[in-house]
Amino acid sequence: MATLSFEPPRGMRDFYPEDMLWRNRVFDAWRQAASAFGFQPYDACVVESLELLQRKSGEEVSEQIYHFEDKSGRQLALRPEMTPTLARMIAARQGRLTFPVKWFAVAQCFRYERMTRGRKREHYQLNLDIIGEESVSAEIEVMAAAATALEKMGMPADAFRIHVNNRALLSELLDKSGIAAAHHPAVFLALDKRGKIPDEAIATLLREEGLDETAIAKTFELLAVETLDQAAEMAGADSPAIARLRELFTLAKVYGIEDRLLFDIAVIRGLSYYTGIVFEAFDTARKFRAIFGGGRYDNLLTTIGGDPTPAVGLGFGDVVVVEVLKDLLGETAAAERNGVAIGYMAPEQREAAMRLAKTLRDAGETVDLSLGKQKPKAFFSRANAGTCADAIYIGPDDVTRGTAKRKHLDTREETEIPLP
Ligand code: HAM
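Notes on the structure in this doc start here. These numbers were taken from a predicted model, which means no experiment stands behind them. (Residues numbered from 1 in each chain as written. Predicted model: local features only at pLDDT ≥ 70, side-chain atom pairs only at ≥ 80, totals over all residues. Heavy atoms only, no water.)

1. A short note on helix α8 (residues 199-208)
Of all the residues in α8, the buried ones are I202, A203 and L206. The buried residues of α8 occupy an angular sector of 100° when the element is viewed end-on, so they sit on one face. Turned more than 90 degrees away from the buried face of α8, the exposed residues are E200 and E208. Here the buried face of α8 lies against α7 (184-192) and α9 (213-222). Positive backbone phi, at 105°, marks G210, one or two positions downstream of α8. (Buried < 20%, exposed > 50% of the residue type's maximum accessible area, 1.4 Å probe, protein only. Helix = DSSP H or I, 4+ residues; strand = E, 2+ residues; numbered from the N terminus. Arc of directions from axis to C-beta. Contact = heavy atoms within 4.5 Å.)

2. Focus on the environment of A107
With respect to the helices, strands and loops of the structure, A107 is situated in strand β5 (residues 101-110). Separated by 14 residues in sequence, A107 and R93 have C-alpha atoms that sit 21 Å apart. With sequence-adjacent residues up to four places away left out, A107 is seen in contact with R79, M82, H123, Y124, Q125 and N127.

3. Focus on the side chain of H123
Checked against the element boundaries, H123 lands in strand β6 (residues 122-131). For H123, a relative accessible area of 12% puts it in the buried group. Reaching out from H123, the side chain makes a polar contact with the side chain of Q125 at a distance of 3.1 Å. Aside from chain neighbours lying at most four places away, what touches H123 is R13, P80, A107, Q108, C109, R111, G317, D318 and V319. (Polar contact = N/O pair within 3.5 Å; in protein donor to acceptor, adjacent residues only side chain to side chain.)

4. Topic: the pairing of strand β4 (residues 75-78)
Bridge analysis of strand β2 (residues 47-49) against β4 gives 3 bridges, and the strand direction is antiparallel. Bridging across to β4, E48 finds its partner in A77. Linking two consecutive strands that pair antiparallel, namely strand β3 (residues 66-69) and β4, is a turn of 5 residues; a positive phi of about 85° is found at G73 within it. (Pairing = 2+ DSSP bridges.)

5. Regarding the sheet that holds β3
Here we have 3 strands laid out as an open sheet, ordered β2-β4-β3, and antiparallel in their pairing. The open sheet terminates on both sides in strands that have one partner only, identified here as β2 and β3. Across the sheet, the axes of successive neighbouring strands diverge by a mean angle of 35°, strand direction being ignored. (Axes fitted to C-alpha atoms, helices over the stretch in contact; angles between N-to-C directions.)

6. Here's the deal with the pattern of salt bridges
Close approach of charged atoms allows side chains of opposite charge to pair. Summed over the entire model, instances satisfying the criterion amount to 24 salt bridges. Between R382 and D368 there is a salt bridge, and its shortest N-O distance comes to 3.3 Å. Separated by 14 residues along the polypeptide, R382 in helix α15 (residues 376-385) and D368 in strand β13 (residues 367-369) bring together distant segments of the chain. Looking at R382, the relative accessible area reads 51%, which means it is exposed. Several salt bridges converge on common partners, so that one network encompasses E139, R244, R296 and D298. (Salt bridge = Lys/Arg side-chain N within 4 Å of Asp/Glu carboxyl O.)

What follows is the structure in structure tokens.
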């Protein structure tokens, strides 16, 4: 029989202890920031009905769904994202919830994607969503919460930028260019591919959508807009989309994050349910893919059969952010040492070591107790390679004296402690 591969299926992920250091750092920051902003945790099944996920079809994500039939013939899928599930859960309790609701989840998602840097077939995503709020107070709240999570992970404030646009602005501008509203969703999805496929391929998509050459040229011209003032000039003084963007930037000042936000007409988003402000965060050096992305999706609840309900949210994946953090802080930055390793020379010291471990654990310390006797060299080399900050090695003389030395592994400083 051929030997089995020890690798996980392509694109799926194993997390060894050193990977868990990074994962926990990210998850802890996500949960702390979400709670600090008053979001309530929720969770849901990883397996969804294929029909729900396909309701909002038309974009790449629905082509990337892992789907299967269960033993009763149900068409099911591993969720590629959390938003349709969230919409379903809200719709199920629409009459009973007090809006706006602010919910968060750390969701494992699966997408059969082409594997590139920052893209796996399995990832975890912080989802922060506010359902039932029309004003841009919702947008700024989710953006600020995500920015706070990044900072809690150790990302310097100048190392990332949240690029902001408004699909309603693009719609206004496309209207002015004579491109009918029915074409807008397809135009958005085509323009979102900019940078990922050649412009000529995007032009082909637009042609397939029925746009003529003049309309295609005008569409590309829109993407050359660089500032909000330029966009305002094109959209006109009374543009509601511009007014919303300006309000968002004003609120960003109040939140103290105005230097982390910038207007970027090229941010469109690859999901068709967004209706208003959309945003994506990138590392300032633009070496990596988007760290998080989201926007307003006021029609999703009705698309799945719920009551009309405004909504804003974002998805913040664990893959790209760890790559960015490693690049900025170093591969091993997550390995903060804490706790104490305890070892002993001979079976006669085992009980003394165990009693000490119990005393320290009762006092709330993390203790990695050796499970058998060890020579000092072996003990200290394991302790140095491990995650404990301190080490205590107990020999026969220590037990006789009733004390042992607690050694700080980095500074090599020693303090004498009593043995219980
Ligand atoms: P998304 O832009 O498709 O949005 O994904 C959000 C984030 O998830 C991305 O910025 C990235 O960090 C991460 N991500 C997505 N796909 C992968 C992948 N294959 N490998 C690694 N990381 C990935 C959504 O999913 C929306 N549902 C977000 C949202 C929530 N909008 C409103 N509420």
